Amino acid sequence: MSVRALVVDPSASAAVRLAEVSDPVPAPGQVLVDVSHASLNYGDLNDARSGRIPVGAVLGSDAAGVVVRAAADGTGPAVGTRVVALTAGAFAERVAIDVGALAEVPKGLEPAQAAALPVAGVAALRSLRAAGLGPDKRVLVTGASGGVGRFAIQLAARAGAHVIASVGSAARAEGLTEAGADEVLIGLEGLHRPVDVVIDSVGGSQLVAAWNLLAPGGSVQSVGWTSGEPAVFPPYATVGPAKSLNSFVIEGEVGADLAVLTELAAEGLLRIEIGWQGAWDRFDEAAEALRGRRVAGKAVMALGSPL
């Protein structure tokens, strides 16, 4: 048997095409999930063109759906449970998923909303945690209108931090004050006081500028590099009072963090902004909008629609 999936194909316009792939066979510690929605991340677009994902392999990381086969080892959710997961090969109608990579979707949270949480939500939660978030901190979030940025603003504000949101244009600032930002800036213009935490998804010259604004003991968490530009530090920029620039990647089991995020969202304490939504046959459209920075928040695809 086979299922439909979006696979890597460098010859396609967005380096991705629809294909038939083998029906997944779950390992003992995996459940089989019928996927209804998947979220597209900027990193997925890079993966499709970078060679990190082999040609013909299924793309994607964020998925929401329903368990259709429980794990053979008795762990994880039962058949019929609505779940959300962070897993490789998420852009397929059916996916085998490790039980540690998923969480149950609470009542009151729609699958399209849940699918927007895994990569962006976990990255925001864990990067803030790694940076030492606290109520006395000044937190700068760059690329603040994207998925990670919007979640980071809300989570930092909930922790009592003073949150500064940086965006590329006035149009990208919409809704950020309501999300919890105390200040909203175009670039870093007007920011002169030091900050304790930087969640950076832009890279390039803005990363260098953010580093220069970092207070002693502060931390920059580099969670993305949407600018595609090099970061050139002037001589002696890294000489002085101790502060840190940390690379970031999501590692290990994410189920517990996903459970926190889904509960917050279901209770209305974490707003999920979906700036693009459509069937997965419109993947090229979604990819173009994401690359062109025309998506406020997340891009979510509905799977299983006629193609």
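Residues numbered from 1 in each chain as written. Predicted model: local features only at pLDDT ≥ 70, side-chain atom pairs only at ≥ 80, totals over all residues. Heavy atoms only, no water.

A. Quick look at the environment of Gly89. The topology assignment puts Gly89 in the loop between strand E5 (82-86) and strand E6 (94-98). Look at Gly89 and you get buried, because its relative accessible area is 16%. Between the C-alpha atoms of Gly89 and Arg126, which are 37 residues apart in sequence, the distance is 22 Å. Excluding residues within four positions of it along the chain, Gly89 makes contact with Val58, Leu59, Gly60 and Val95. (Helix = DSSP H or I, 4+ residues; strand = E, 2+ residues; numbered from the N terminus. Buried < 20%, exposed > 50% of the residue type's maximum accessible area, 1.4 Å probe, protein only. Contact = heavy atoms within 4.5 Å.)

B. The nonpolar core, seen in detail. Counting 45 residues, the largest nonpolar core has Leu117, Leu128, Ile153 and Leu155 as the members making the most contacts within it. Aside from chain neighbours lying at most four places away, what touches Ile153 is Val141, Ala144, Val163, Ala165, Leu176, Ala179, Gly180 and Ala181. With 41 residues, the next largest nonpolar core counts Val8, Ala287, Met301 and Leu303 among its residues. (Core = buried A, V, L, I, M, F, W, Y, C linked by side-chain atoms within 4.5 Å.)

C. Here's a closer look at the sheet that holds strand E9 (residues 162-167). Read across the sheet, six strands follow the order E10-E9-E8-E11-E12-E13 without closing on themselves; strand pairing throughout is parallel. Of all the strands in the sheet, just strand E10 (183-186) and strand E13 (244-247) have a single pairing partner and so form its edges. Averaged over all neighbouring strand pairs, the angle between strand axes comes to 20 degrees, with direction disregarded. As paired elements, E9 and E10 share four bridges and run parallel to each other. Residue Ser166 lies in a different strand from E10, and its bridge partner there is Leu185. The sheet strands contacting helix H6 (residues 204-212) are strand E8 (138-141), E9, strand E11 (195-200), strand E12 (214-222) and E13, and the helix crosses E12 at an angle near 155 degrees. (Pairing = 2+ DSSP bridges. Axes fitted to C-alpha atoms, helices over the stretch in contact; angles between N-to-C directions.)

D. Fine view of the side chain of Gln154. The residue Gln154 is located in helix H4 (residues 147-158) in this model. Setting aside its immediate chain neighbours within four residues, Gln154 contacts Ala179, Leu269, Leu270 and Arg271.

E. Examining the packing of helix H1 (residues 42-50) against helix H8 (residues 283-291) more closely. For the pair H1 and H8, interaxial distance at closest approach is 10 Å and the crossing angle is 110 degrees. Comparing the axis directions of H1 and H8 gives the class roughly perpendicular. Each of Tyr42, Leu45, Asn46 and Arg49 in H1 lies in contact with H8, whose residues at this interface are Phe283, Ala287, Leu290 and Arg291. (Parallel < 35°, antiparallel > 145°, perpendicular 65-115°, else oblique.)

F. Structural view of unusual backbone geometry. You will see that Tyr236, though not glycine, has its phi angle at about 70 degrees, which is positive. Within the secondary structure, Tyr236 is located in the loop between E12 and E13. Among the residues examined, Tyr236 registers a relative accessible area of 69% and is labelled exposed. Of note in this structure, Arg293 is not a glycine but carries a positive phi near 55 degrees. We classify Arg293 as partly exposed; its relative accessible area is 43%.

G. Here's a closer look at the environment of Thr226. Relative to the helices and strands, Thr226 is located in the loop between E12 and E13. Residue classification places Thr226 among the partly exposed positions, given a relative accessible area of 24%. In sequence terms Thr226 and Tyr42 are 184 residues apart; their C-alpha atoms lie 7.8 Å from each other. Those residues within four positions of Thr226 in sequence are excluded, and the remaining contacts are Tyr42, Ser201, Val202 and Arg293.

In short, shape yes, function no, at least from these values alone.
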